[in-house]
Amino acid sequence: MKKLYTVLAVLLVATMILTACGAKPTAAPAEPTAAPVEPTAAPVAIKVGQVTDLGGIDDKSFNATAYAGVEKAAADFGITGKYLESQQQSDYAKNIQQFLDEDTDLIVTVGFLLGVDTATAAKANPDTKFAIVDYSYPDCFGDTAVEGQTCGSASELSNVLGLTFQTDEAGFLAGYAAAAMTKTGKVATFGGLEIPPVTIFMTGFEAGVKHYNTVHGTAVEVLPFTYTGNFESTDDGRAFAESFVQEGADIVMPVAGPVGLGSAAYCKESGSCMVIGVDNDWTVSAAEYKDIVLTSVLKNTNVAVYDAIKMIVDGTFKGGLYIGTLANGGVGIAAVNGASPELLAELEKLTADISSGAVKVK
Amino acid sequence: MTDKTVKDTPSGKQDKKFDLRHIFEGSYSTLLPLLAIFTGLVIGAIVIAATDATVIAAWQNFFQAPGAALAATWTSIAVAYGALFGGSLGSPAEIFAGIQTYFSTGDSAAFMKAIYPITESLVTATPYIFAGLAVAVGFRCGLFNIGAEGQFFMGALGSVFVGYSFSSLPAIIHLPLALLGGIAAGALWGAVPGYLKAKFGAHEVVNTIMMNWIGFRLSDWLLNGPMKSPGFRPVTRNIAEAAELPHFFPDPLRLNWGFILALLVAWLIYWLLFKTTIGFEIRTVGANPDAAKYAGVNIVRNFVLAMVISGGLAGLSGASQVLGVDHWVGQGFSAGYGFDAIAIALLGKSHPLGVVLSALLFGVLRGGATRMQSLAGIPVDIISIIQGLVIVFVAAPDIIRWLYRIRPAEKHALQSRG
């Protein structure tokens, strides 16, 4: 036992020394002693860094699409773009910090899970510009919200641009197309989680089907919404598609990232259904399934990110909100597989009507 | 001279003092892991160079300009490993300059910036130490706990639940309670396979894997249901400040008391395994269950106990991450700490000191990966490759012996001489 006390005592002393070391710098004012003198004459390449969420850079979804925007901007404007992948949630702050250390001009963070860390970093570094995909500030609502913990910021941040998308407008078109193309009179959609960035696709889809019924006097049915509860399991995607087919649906729109590839695989093997891709054009990103992809609801994160970078290049960057719509090309649908000329004409007119406000998607 | 005497000490006397001899029993048993690490890094370097477009281009012109090819290869590797170790250990010159600035001007910013990389490596090493110990305790009892990942998740959920459920407890009660919440949840997750093994002979490998899946899906449900914070994000609420493991430095430095706790617990596990009857029984069961049973050791009790301790440690690992770093739990909370822990326990020869050293190595590799990814453009996955290679070489020491022409009989020769 005596030895135990000795070791405990040593550890205690060691920790006290450690904390003492830690306490001192805390008390010291963290003021920069001298402002670094920047050579203003030579033009320095603008640096853009993207922090992915857990999906990684090759998620065939918004991380990949957003980075396509960075790469296009690099080609067009000569900026330097790079990315950091997050493997766990504690990486978000760490990766943002890495870009801050490198004096990155624009930090693009992808996904609502980075909402709090992005706002915290943006407030601490007002000179650095940020753009966050699928999120916007202020995000602190209600009594339980604590700034910097459960939400990012109670006020709008002048150096953060939130990139959001009216994907219900594009989902509406996809629903309309699905209603026109179904042979069984039943279509279905499911999500990864019941959260706004997901459900907005689904409600738009449903509204589109209903609009088709109103216009054409049909009775195409949308099966009740369900959720896999995750964005990973392709097995879930397969199982969900299978059960929808058993319930009589022949078109499925999975809104769950890579989960949807499981649905596509089932449809391809069984030949009993078609899928509607989301986020990007699946005939390109998942080309092996292109025969059974009816269309894709495009969320053009690349366009939004590209525009944000362009604003940095032009010096017109302002914090606030970017909303991608059918009108500005932020959202859209891909070519509809096997569509008749009449349907294409209807979809084109519908696009114009939604943009002008003549048709409401909600 | 002292080295020689250490080596020549008969192994029977080595348990008496707390010293390095357990892990450094003869230079032989440390040599192999060190060579395994070295070989892993060398092959990792080859992979880095072989996947670099400029290097490949340079090698295509090898016969025209062999020097350029070699130079490109060298640059590629140097940049990558330079960023890796610069990003995990920091630069000593900068740290020294930071200290000087602090004492001359009172400005700590430069110092903080200089020590950020190494503190981040220690932050990453902290959960690795706990989780590595968890798997090591299992190994010592002859149990292969592949369920550390699930226990890690449950521990995180247990501690975050205690962390946010109380709002006005003082830290001296709340923090230990939150840690206990993590330990209890992890221990429960470990106890089930332990009991099934002891009572029904169900293999713990199968059952711990199954418990992982139950844990993952349970956490999916909890995060979208009962434990979900207000708002749409599928994450828990933040823990109360009183439940946080205090940080040593101001933000963005995240080094916290969890690291000290990890070292303390490592010592505690050493003491438990090698200085107590409980530990002796656990190790006896691990060495030979039949002999242990014949000697009157309660096998059932020891299987369950070892899995409870193992699960509790894995749970504590999750708790340290929540209470020290994240303060909330969302999906994809872990980057596979529980699985890496198996590698750490193997590399550390299931000895607490070995586990701590292996965990520090993994912390350094993981900590520097961010910078390597950013500065050298190398995917973080290369770290997993290096880790995997190290484990292959540790698990198959004959490869290392063959590579470096090490004769295997050294140990026996010593004994027969004695």
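Since the model is a prediction, treat every value here as computed from it, not as a measurement.

A. Region of the structure containing the overall build of chain A. Helix and strand counts for chain A stand at 11 helices and 13 strands. Burial statistics for chain A: of 362 residues in total, 52% are counted as buried. Excluding contacts between residues fewer than 6 apart, the proportion of contacts in chain A whose partners are at least 24 apart in sequence is 70%.

B. Region of the structure containing the pairing of strand E2 (residues 80-84) of chain A. Residue and element names in this part refer to chain A. Direction of pairing for strand E1 (residues 47-51) relative to E2: parallel, over a ladder of 5 bridges. Paired with Gly49 across the bridge in E2 is Lys82. The parallel pair E1 and E2, bridged by helix H2 (residues 62-77), forms a crossover whose chirality is right-handed.

C. Here's a closer look at the sheet that holds strand E12 (residues 320-324) of chain A. Residues and elements named next belong to chain A. Taken in spatial order, the 6 strands line up as E2-E1-E3-E4-E5-E12 in an open sheet, and their pairing is parallel. Each edge of the open sheet is held by one strand with a lone partner, namely E2 and E12. On average, adjacent strands in this sheet sit at an angle of 20° to one another, irrespective of strand direction. Running over the sheet, H2 touches E1, E2, strand E3 (106-110) and strand E4 (129-133) and is turned about 160° from E2.

D. Focus on the nonpolar core. By size, the foremost hydrophobic cluster in this structure holds 116 residues, and its most contacted members are Ile129(B), Ala131(B), Leu133(B), Ala134(B) and Ala341(B). Among the elements that make up this core, the one with the highest residue count is helix H6 (residues 109-140) of chain B (18 residues). Here Ile129(B) is in contact with Ala262(B), Ala266(B), Val355(B), Val356(B) and Ala359(B), once residues within four sequence places are set aside. Core analysis: the second largest hydrophobic core is formed by 63 residues, Leu173(A), Val255(A), Leu326(A) and Ile354(A) among them.

E. Representation of the interface of chain B and chain A in the model. If you look at the interface, chain B gives 42 residues, while chain A gives 40 residues. Secondary structure elements with two or more residues in the side of chain B that touches chain A: helix H5 (92-105), H6, helix H9 (204-224), helix H10 (257-275), helix H13 (299-326) and helix H15 (352-376) of chain B.

F. Structural view of H5(B). Over its 14 residues, H5(B) runs 20 Å from end to end, which matches the ideal 20 Å to within 8%, given 1.5 Å per residue. Once H5(B) ends, the next one or two residues include Gly106(B), with phi positive near 80°.

G. Here's a closer look at the confidence of the model for chain B. Residues and elements named next belong to chain B. Scored by pLDDT, chain B has a mean of 86; 90% of the residues are at 70 or more. When mean pLDDT is taken per element in chain B, H10 scores highest with 96 and helix H1 (residues 2-8) scores lowest with 43. This model gives residues 1-27 a pLDDT under 50, and the stretch forms 20 contacts once residues within four places in sequence are excluded. Contacts of residues 412-418 to residues separated by more than four positions or lying in other chains number 1 contact, the stretch itself having pLDDT below 50. In the predicted assembly, ipTM is 0.76 and pTM is 0.78.

H. Fine view of the packing of helix H8 (residues 171-200) of chain B against H13(B). Residue and element names in this part refer to chain B. Where H8 meets H13, the closest approach of the two axes is 6 Å, and the angle between their N-to-C directions is 150°. Here H8 is positioned roughly antiparallel relative to H13, judged by the angle of their axes. Here H8 runs over H13; the crossing is right-handed. The residue inventory of the contact of H8 with H13, partitioned by class, reads 21 nonpolar, 9 polar and 2 charged.

I. Spatial organisation of helix H7 (residues 148-165) of chain B. The terminal C-alpha atoms of H7(B), which comprises 18 residues, lie 25 Å apart, in line with the 26 Å expected from a rise of 1.5 Å per residue. By the criterion of burial, H7(B) is predominantly enclosed, with 17 of the 18 residues buried.

What counts and what doesn't
- Along each chain, the written sequence defines residue order, and numbers are assigned to residues from 1.
- Chain A is the first chain written and ligand 1 is the first ligand written, with later ones labelled in order.
- The model is predicted, so local features are restricted to residues of pLDDT at least 70 and side-chain atom pairs to those at 80 or more, both for listing and for counting; the totals for chains, interfaces and linings are taken over all residues.
- Strands here are runs of E lasting at least two residues and helices are runs of H or I lasting at least four, both read from the DSSP assignment and numbered beginning at the N terminus.
- Our exposure labels follow a C-beta count within 10 Å of each residue's own C-beta, placed from the backbone: buried means 20 or more other C-beta atoms, exposed means 12 or fewer, and partly exposed covers the counts in between.
- Remark: residues whose backbone-derived C-beta atoms lie within 7 Å of one another are considered to be in contact.
- At least two bridges found by DSSP between two strands is the condition for calling them paired.
- For a crossover, the right-handed case is the one in which the path from the first strand over the helix to the second runs clockwise, viewed with the strands pointing away from the viewer.
- Simply put, an axis is a line fit to the C-alpha atoms, just over the touching stretch for a helix, and the angle between two N-to-C directions goes from 0 to 180 degrees.
- Each nonpolar core comprises buried Ala, Val, Leu, Ile, Met, Phe, Trp, Tyr and Cys residues, the members being joined through C-beta atoms within 7 Å.
- In this analysis, the expected span of each helix is defined as 1.5 Å times one less than the number of residues it contains.
- Residue-level confidence of the predictor is summarised by pLDDT, bounded by 0 at the bottom and 100 at the top.
- Note on terminology: angles under 35 degrees are roughly parallel, angles over 145 are roughly antiparallel, angles of 65 to 115 are roughly perpendicular, and the others are oblique.
- Left-handed describes a crossing whose near helix is turned anticlockwise from the far helix through less than a right angle; right-handed describes the clockwise counterpart.
- Residues were grouped as follows: Ala, Val, Leu, Ile, Met, Phe, Trp, Tyr, Cys and Pro as nonpolar; Asp, Glu, Lys and Arg as charged; and all remaining residues, including Gly, as polar.

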